[in-house]
Amino acid sequence: MADLGLRYLFEAAQAGTMRAASDKLDIAVSSISRQIAQLEEEYALPLIERGRRAIRLTEAGRVAVEHYHAQLAQEETFRTRLGDLRGVRSGHVQIAVGEGFLGQSLTSLFDEFQQRFPAVRLTILTPSTAEIVSMVLEDEAHVGLIFQPPMEAKIRLRGSARQPLKVIVAPGHPLAERRGVELRDLQGHALCLAPKQFRLRQILSMAEASQRLFLEPVMTSSSIQMMRAAALSGHYATVLPSISVLAELREGSLRAVPLHDEGVEETAIGLITRSGRQLEGAPLKMLGVLERQLRQWTDDEAGAADVASSTT
């Protein structure tokens, strides 16, 4: 009722008289007078000076009108911000991704999103897989992109794409012309691999353990860029998903050789959010963009597999 009384007080003060306010609002003068009287009773202070034909506010009345005017401004700001979210004219998106995904394919996607929505701020974080899951659970990231998403009740898998690990080498490398290799084929070659705490290496280590063999890299790096550069040098082989070196594969400066080992061939990437979290505005738009990208990666991987099988 207070909001209605404040509105009537505001309109009466703006119009100058209760009669003028009555005509504008198309309601009885008695209704306006009654609502203002109830408001005065609630506040225990007079809001208008009595005995005058024209409305003259008391000090309390001016404070009440200013308060109502501020409410209107806040409501307008609120609705404007909602409109911005619906139209993605502003906002902030926090994305946590494994560094293995930060090839040209993903960075180009982020750049295109920024060009389309220039007022949206993007924060791209590259922690470990365990940290990504924790950040999503704690709402420190809107979405996460990881290898082998965990079976976690509080994590919702929004999309996945098959991304088997492959041996990445330069065209002149001894393994470059192979149609496929097994883990044992990597022994005797100079390897540059991710450190043991990386999910990429953990998947590889599980495959090694199942075959009772051990790969000893001559170079270990937590930087995907360094692993990519090592392969480009021609002296090293590394193990990465195709998306980490997509630009180099397309230009022909690197080759991706299928790694035929159980557990490695079936690896997948997953797009995750916290179960129950409702994304809106820019984060929801980004989620849709990433879901489409995952489908594209799945199609690209399937196409590459078809080409490989047709040439064997």
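Definitions and limits used
- Residue numbers run consecutively from 1 along every chain, following the written order of its sequence.
- Totals for whole chains, interfaces and linings use every residue, but because this is a predicted model, local features are given only for residues with pLDDT of at least 70 and side-chain atom pairs only at 80 or more, for both listing and counting.
- Here the side-chain values reflect all heavy atoms present in the structure, with hydrogen atoms and water set aside.
- Secondary structure counts use DSSP, requiring at least four H or I residues in a row for a helix and at least two E residues in a row for a strand, with both numbered from the N terminus.
- The globule rule used for comparison is 2.2 Å times the number of residues to the exponent 0.38, while the radius of gyration itself is calculated over C-alpha atoms.
- Buried, partly exposed and exposed residues are distinguished by accessible area as a fraction of the type maximum, computed with a 1.4 Å probe on protein chains only: under 20%, between the cut-offs, and over 50%, respectively.
- When we speak of the arc, we mean the arc of directions from the helix axis to the C-beta atoms.
- Values of pLDDT, which run from 0 to 100, indicate the predictor's confidence residue by residue.
- The contact criterion used is simple: two residues touch if any of their non-hydrogen atoms lie within 4.5 Å.
- Within this document, salt bridges are pairs made up of a side-chain nitrogen of Lys or Arg and a carboxyl oxygen of Asp or Glu, the two lying within 4 Å of each other.
- A pair of strands is labelled paired if DSSP reports no fewer than 2 bridges between them.
- Lines fitted to C-alpha atoms define the axes here, with helix axes fitted over just the stretch in contact, and angles between the N-to-C directions of these axes take values from 0 to 180 degrees.

A. Local environment of the overall build of the protein. Helices and strands together make up the secondary structure of the protein, namely eleven helices and ten strands. Taking 312 residues into account, the globule formula puts the C-alpha radius of gyration at 20 Å, and the protein, at 32 Å, lies well above it. Oriented by its inertia axes, the alpha-carbon framework of the protein measures out at about 105 × 35 × 30 Å. Each of the 312 residues in the protein was classed as buried or not, and the buried ones make up 42%.

B. The arrangement of the environment of Gln 296 in detail. You can see Gln 296 is positioned in helix H11 (residues 281–310). Since its relative accessible area comes to 38%, Gln 296 is described here as partly exposed. Along the sequence, Gln 296 and Ala 229 sit 67 residues apart, while their C-alpha atoms lie 26 Å from each other.

C. Summary view of helix H2 (residues 18–25). Along H2, the residues classified as buried are Met 18, Ala 21, Ser 22 and Leu 25. Looking down the long axis of H2, one finds its buried residues gathered within 105° of arc, a one-sided arrangement. The exposed residues of H2 that point more than 90 degrees off its buried face are Arg 19, Asp 23 and Lys 24. Phi for Asp 26, located one or two positions after H2, is positive at around 60°.

D. Examining the confidence of the model for the protein more closely. Chain-level pLDDT for the protein is 87 on average; 94% of the residues reach the 70-or-more range. Counting contacts from residues 305–312, a segment whose pLDDT is below 50, to residues more than four positions away or on other chains yields two contacts.

E. Seen up close, the pattern of salt bridges. Scanning the entire structure with this criterion turns up ten salt bridges. When the shortest N-O distance is used, the salt bridge between Asp 185 and Arg 178 registers 3.2 Å. For Asp 185, a relative accessible area of 25% gives the class partly exposed. Residue classification places Arg 178 among the partly exposed residues on the basis of a relative accessible area of 36%. Glu 182 is the partner of Arg 184 in a salt bridge, and the nearest nitrogen-oxygen pair spans 2.3 Å.

F. Examining the sheet that holds strand E5 (residues 165–169) more closely. Across the sheet, which stays open at both edges, the three strands sit in the order E8-E5-E9 with antiparallel pairing between neighbours. This sheet does not close on itself; its edge strands, each paired only once, are strand E8 (238–241) and strand E9 (255–258). Neighbour-to-neighbour, the strand axes of the sheet open up by a mean angle of 45°, direction not taken into account.

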